[in-house]
Amino acid sequence: MPERKEKFYLTTPIYYTNGLPHLGHTYTTVVCDTVRRYKRMRGYDVVMTTGTDEHGVNVERAAKKAGIPEREFVANMAEAWRALWDELGITADEFVRTTDLEHVRTVQWLFKRCRENGYVYKGHYTGQYCIYDNAFVNDAKPGENCPDCGRPLETLTEENYFFKLSAFQKPLLDFYRKNPDFIQPESRRNEIVTFVQGGLKDLSITRTTIRWGIPVPGEEPHVFYVWFDALTAYLSAVGGPDYEKRGMWPADVHFVGKDIIRFHTVYWPAFLMAAMLPLPKQVWAHGWFLMDAAKMSKSKGNVVLPRPIANMLGMDALRYFMLREVVFGQDGNFSYDSLVTRYNSDLANGLGNLASRTAALIEKNFAGKVPKPAQRQPQDDALAKEAQSAIGEVLERYDKMEFARALEAIWAVIAAADKYLTTEQPWALGTSEEGQARKATILWTTAELLRIVAALAHPVLPDSTAKVWALLGQTTSLDSLELDGLRWGQLVPGTALGKSQTLFPRVEKTEAIERIESMANEELNSTSAAPKPASAPAAPATPAAAVGVPAVPDKIAIEDFAKVEMRVGQIKTAERIVGADKLLKLTVDIGTEIRQICAGIAQYYEPEALIGRKVAVVVNLAPRKLRGVESNGMIIAASVGPEGRPVLAGFLEDVEVGARLK
Ligand SMILES: [Zn+2]
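Here the residue numbers are simple positions, counted from 1 along each chain's written sequence. The predicted nature of this model means local features are confined to residues of pLDDT at least 70 and side-chain atom pairs, given and counted, to a pLDDT of 80 or more, with totals for whole chains, interfaces and linings taken over all residues. Values shown for side chains rest on all heavy atoms present in the structure; no hydrogens or waters enter the calculation.

1. Re the overall build of the protein chain
Consideration 1: Helix and strand content of the protein chain: 20 helices and 25 strands.
Consideration 2: If you line up the protein chain on its principal axes, its C-alpha atoms span 85 × 80 × 50 Å.
Consideration 3: Burial classes: relative accessible area under 20% of the type maximum marks a residue as buried, over 50% as exposed, and values in between as partly exposed (1.4 Å probe, protein chains only). In the protein chain, which comprises 662 residues, the proportion classed as buried is 54%.
Consideration 4: When the accessible surface of the protein chain is summed, it comes to about 30200 Å², and 51% of that surface belongs to carbon and sulfur atoms.
Consideration 5: Both charge centroids of the protein chain, one from 78 positive and one from 81 negative side chains, sit 1 Å from each other. Secondary structure counts use DSSP, requiring at least four H or I residues in a row for a helix and at least two E residues in a row for a strand, with both numbered from the N terminus. Each accessible area value is a Shrake-Rupley result obtained with a 1.4 Å probe; residue values ignore everything except the protein chains displayed when judging cover. In this tally Asp and Glu are treated as negative and Lys and Arg as positive; neither His nor the chain ends contributes. Every charge is mapped onto a representative atom, which is NZ of Lys, CZ of Arg, CG of Asp or CD of Glu.

Below, the structure written as structure tokens:
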């Protein structure tokens, strides 16, 4: 029997479904995804869980506002979250929804165990209650007004089930002492220890004033309240009551934002202790990305969305920035300016440039095949040594969740290779036998370094390193590469390079920021305006021109048709748009002026071939932005075949630019 791989179970928080993901959620999830990929490459059997927290009064209200049943509302929300993670290339192994039957069963089972062990009792909860919103306002004092509707709060007492949290002060302190790594980083650990030393109050874990929740069996109208429900999702994702069969529980690490660490390091282990279940091994709290020194939130209007950044610069760029820019565990600043600066300096000029330079030199001098190194010189050995020792250092950094340091070490190797190429100047060596031999050694060395870099950076930059890997002619999947077997010297001479491609096209900073912001505005407007939060991607899948003849349900009057002004235009310039594979940016002479128009034809027309071509243009269409680029008009094209291939409408005779189509 083959030995079972060691397991590793990690989780993001179960995100609350009253809104869509912003950069904060993306950060936690990217960290988790990075560790998931890393542990896989270290040979672990890894399960990562994310999901959605779907109960509570806020969801009840949001669904009411949207005019749809709660169940439908949360299903839409869960789908939107799942779709975004998919789009961003983050694939969790388990996506748990707190409305899943399996989860409901697990919460009820956990409650039963805690109750049987004597840690649950019936009591009364008194708090400040808004009768208009039907909700208790936590931490409000008598006489205060409702923060939501501004009306006076009332003091209300209801019957609740309580969890005997007070009984766990000593067990928790003992546990923290015996497991000094349980709470990370260190500063958070001290904060929690101090909090628990200050004494713990029993916790109300059910409500009778909320309808949309998991029922307490046989105790209706009691439903479980927030944390007893949400935290249990980590367990229900990997088998719930049957967790032993799946073999994943306890979690090896829960990643959380620092604002929810108390619930994860006090309540959660206490619930599990009460139920006599194994405790998670670690809770890692990260800091916040701050904009103008404030935590991002929708209500502050300083929210940054991941999708526009991924569209413009690629998801790898966002992942790299988030993990490179801040020390994991601390707060960091976010600005588009520093994002684009890092993109250009570290990715376009750093990794991207080294890869394309190396490939081009091998292409030119060795017909696209990895050369066989000849006699080595001390500087070759020095670079090899640096790359080899980086392997050990980077793995150690990843193990400690020191992502910024890991990337720093990888990029130091890239910088050393740049310097090496600049000093050795393989392009100046000539084609004598000696020159070719020296070139072979230099280029093999650089290519081998690039291979090591791709493997080490893969957990953070999954897409672009896979491209480097393919460029180096590697046919095995980088995901399944075992980092423990990675050594200098494994690149086989004679390997044919893959097709070259631009990894990180350089972008112009001001333009890039403008386009990201513009796409973000489109997305925010399209989601905040609509009460139904689900789906509806911000950018249209088939942009601009490539619209053929739309299905017209009814006949229209000639006056209606006359409202559309179409003219003959001539294409003056055409270029591709970074971050938008389908779009071309055109300037078109329409007789009276030159217009900028975006057309969704990039996959079928080469920009150069379009210059001078005469096309039919709708000129009185309201200007709009596509992928953040302004488009002022529309080019007419037929939509052909099931894929809707665009074919530009044209003229068989020569026609004058600006002539009206009637
Ligand atoms: Zn109210």
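Back to the write-up after that little detour.
2. Some remarks on the sheet that holds strand β6 (residues 154–163)
Consideration 1: The sheet built from 4 strands is open, its strands ordered β5-β4-β6-β8 with antiparallel pairing. Every other strand in the sheet has two partners, leaving β5 (135–137) and β8 (203–204) as the edge strands with one partner each.
Consideration 2: Pairing of strand β4 (residues 120–130) with β6 involves 10 bridges; the strand directions are antiparallel. The residue of β6 that forms the bridge with Val120 is Phe163. What makes two strands pair is DSSP finding at least two bridges between them.

3. Some details on the sheet that holds strand β12 (residues 283–286)
Consideration 1: Across the sheet, which stays open at both edges, the 6 strands sit in the order β3-β2-β1-β11-β12-β7 with parallel pairing between neighbours. Both outer strands of the open sheet, β3 (94–97) and β7 (183–184), are each paired with one neighbouring strand and no more.
Consideration 2: Pairing analysis gives 4 bridges linking strand β11 (residues 253–257) to β12, with the strands arranged parallel. Within β12, the position partnered with His254 by the bridge is Val283.

4. Regarding the environment of Ser345
Consideration 1: Position of Ser345 among the secondary structure elements: in helix α13 (residues 336–366).
Consideration 2: Residue classification places Ser345 among the partly exposed residues on the basis of a relative accessible area of 36%.
Consideration 3: Note: C-alpha distance between Ser345 and Arg506 (161 residues apart in sequence) is 9.0 Å.

5. Describing the nonpolar core
As a rule of thumb, nonpolar side chains are buried together in soluble globular proteins.
Consideration 1: Formed by 116 residues in total, the largest nonpolar core has its most connected members in Phe255, Phe334 and Trp411.
Consideration 2: Ignoring anything within four residues of it in the chain, the contact list for Trp411 reads Tyr320, Asp346, Leu347, Leu351, Ala457 and Leu461.
Consideration 3: Remark: nonpolar core denotes a set of buried residues (Ala, Val, Leu, Ile, Met, Phe, Trp, Tyr, Cys) joined through side-chain atoms within 4.5 Å. Residues Leu173, Leu200, Met248 and Val283 belong to the second largest nonpolar core, which totals 57 residues. Contacts are residue-level and defined by heavy atoms, with any inter-residue pair within 4.5 Å sufficient.

6. Let's talk about the packing of aromatic side chains
Consideration 1: Between the rings of Phe, Tyr and Trp (Trp by its six-membered ring), a pair exists once the centres lie within 6.5 Å; its type follows the angle of the planes, with under 30 degrees stacked, over 60 edge-to-face, and the other angles tilted. Counting across every chain of the model gives 37 aromatic pairs.
Consideration 2: Their ring planes at 45° and their centres at 6.1 Å tell us that Tyr15 and Trp85 sit as a pair that is tilted. Of this pair, Tyr15 sits in strand β1 (residues 7–16) while Trp85 sits in helix α3 (residues 70–87), placing them 70 residues apart in sequence.
Consideration 3: Residue Tyr15 is classed as buried on the basis of its relative accessible area, which comes to 5%.
Consideration 4: The class for Trp85 is buried, based on a relative accessible area of 3%.
Consideration 5: Look at Phe263 and Tyr267: their rings are 5.2 Å apart centre to centre, the planes differ by 65°, and that puts the pair in the edge-to-face class. Here the residue Phe263 and the residue Tyr267 both occupy positions in helix α10 (residues 261–274), the gap between them amounting to 4 residues, near one helical turn.
Consideration 6: Among the aromatic residues, those joined into a cluster by ring pairs are Phe111, Tyr119, Tyr161, Phe163, Phe168, Phe224, Trp227, Phe228, Phe263, Tyr267 and Phe271.
Consideration 7: Sitting over a ring, as applied to charges here, requires NZ of Lys or CZ of Arg to be within 6 Å of the ring centre and within 35 degrees of the ring normal. The lysine or arginine in question, Arg207, covers the ring of Tyr225, its NZ or CZ lying 3.8 Å from the ring centre.
Consideration 8: Here the basic side chain of Arg262 rests over the ring of Phe195, its NZ or CZ set 3.7 Å away from the ring centre.

7. Thoughts on the side chain of His458
Consideration 1: Structurally, the position occupied by His458 is in the loop between α16 (433–457) and α17 (462–471).
Consideration 2: Here Asp479 takes part through its side chain, which lies 2.8 Å from a polar atom of the side chain of His458.
Consideration 3: When near neighbours in sequence (up to four residues on either side) are disregarded, His458 contacts Arg37, Met41, Thr465, Ala466, Leu478 and Asp479. For this analysis, a polar contact is any N or O atom pair within 3.5 Å, provided that within protein one partner can donate a hydrogen and the other can accept it, and provided that sequence-adjacent residues contribute only side-chain to side-chain pairs.

8. Describing the confidence of the model for the protein chain
Consideration 1: pLDDT is a per-residue confidence score from the predictor, ranging from 0 to 100. Confidence in the prediction of the protein chain, expressed as mean pLDDT, is 90, and 94% of residues score 70 or more.
Consideration 2: A low-confidence stretch, residues 528–553 (pLDDT under 50), is modelled with 42 contacts involving residues beyond four sequence positions or located in other chains.

9. A few points about helix α12 (residues 315–325)
Consideration 1: Across the 11 residues of α12, 10 count as buried, placing the element largely inside the fold.
Consideration 2: Among the residues making up α12, those that are buried are Met315, Asp316, Ala317, Leu318, Arg319, Tyr320, Phe321, Met322, Leu323 and Arg324.

10. Some words on unusual backbone geometry
Consideration 1: With omega at -5°, the peptide bond leading from Gln184 into Pro185 counts as cis.
Consideration 2: Even without being a glycine, Met276 presents a positive backbone phi close to 55°.
Consideration 3: Within the secondary structure, Met276 sits in the loop between α10 and β12.
Consideration 4: Among the residues examined, Met276 registers a relative accessible area of 62% and is labelled exposed.
Consideration 5: Here the phi dihedral of Gln425 falls at roughly 45°; this positive angle occurs in a residue that is not glycine.
Consideration 6: Topologically, Gln425 is positioned in the loop between α15 (403–424) and α16.

11. Thoughts on the packing of helix α14 (residues 378–399) against α16
Consideration 1: What counts as an axis is a line fitted to C-alpha atoms, over the stretch in contact for a helix, and the angles between N-to-C directions run from 0 to 180 degrees. Between α14 and α16, the least distance of the axes is 11 Å, while the angle of their chain directions is 5°. Our classification of the angle between α14 and α16 gives roughly parallel. Note on element contacts: α16 touches α14 through Arg438, Thr441, Thr445, Leu449, Ile452, Leu456 and Ala457, opposite Gln379, Asp380, Leu383, Ala387, Ala390, Ile391, Val394, Leu395 and Tyr398.
Consideration 2: Side-chain classes are defined by residue name, with Ala, Val, Leu, Ile, Met, Phe, Trp, Tyr, Cys and Pro counting as nonpolar, Asp, Glu, Lys and Arg as charged, and the others, Gly among them, as polar. Of the residues in the contact of α14 with α16, the class split is 11 nonpolar, 3 polar and 2 charged. Oblique is the label for any angle not covered by the other classes, which are roughly parallel (under 35 degrees), roughly antiparallel (over 145) and roughly perpendicular (65 to 115).

12. Brief notes about a nonpolar patch on the surface
Consideration 1: Where nonpolar side chains cluster on the molecular surface, the patch consists of Ile556, Ile558 and Phe561 and spans about 310 Å² of accessible area.
Consideration 2: Of note, Ile558 is situated in helix α19 (residues 558–562).
Consideration 3: For Ile558, a relative accessible area of 63% puts it in the exposed group. Residues enter patches when their relative accessible area tops 30% and they take part in no salt bridge; the joining distance is 9 Å for like charges and 5 Å for the nonpolar side chains Val, Leu, Ile, Met, Phe, Trp and Tyr. Any Lys or Arg side-chain nitrogen found within 4 Å of a carboxyl oxygen on Asp or Glu counts as a salt bridge.

13. Considerations on the pattern of salt bridges
Consideration 1: Tallied over the entire structure, the rule returns 45 salt bridges.
Consideration 2: Note that Asp399 is salt-bridged to Arg42, the shortest N-O span being 3.6 Å. One end of the pair, Asp399, is in helix α14; the other, Arg42, is in the loop between α1 (23–41) and β2 (45–53), with 357 residues separating them in the sequence.
Consideration 3: Take Asp399: its relative accessible area is 40%, and that puts it in the partly exposed class.
Consideration 4: Here Arg189 and Glu186 are joined by a salt bridge, their closest N and O atoms 4.0 Å apart. Of the two residues, Arg189 and Glu186 both sit in helix α6 (residues 186–197), 3 residues apart, roughly one turn of that helix.
Consideration 5: We classify Arg189 as buried; its relative accessible area is 17%.
Consideration 6: Taking relative accessible area as the criterion, Glu186 reaches 46% and is therefore assigned partly exposed.
Consideration 7: Three or more residues joined by partner-sharing salt bridges are found here, namely Asp33, Arg37, Arg319 and Asp479.

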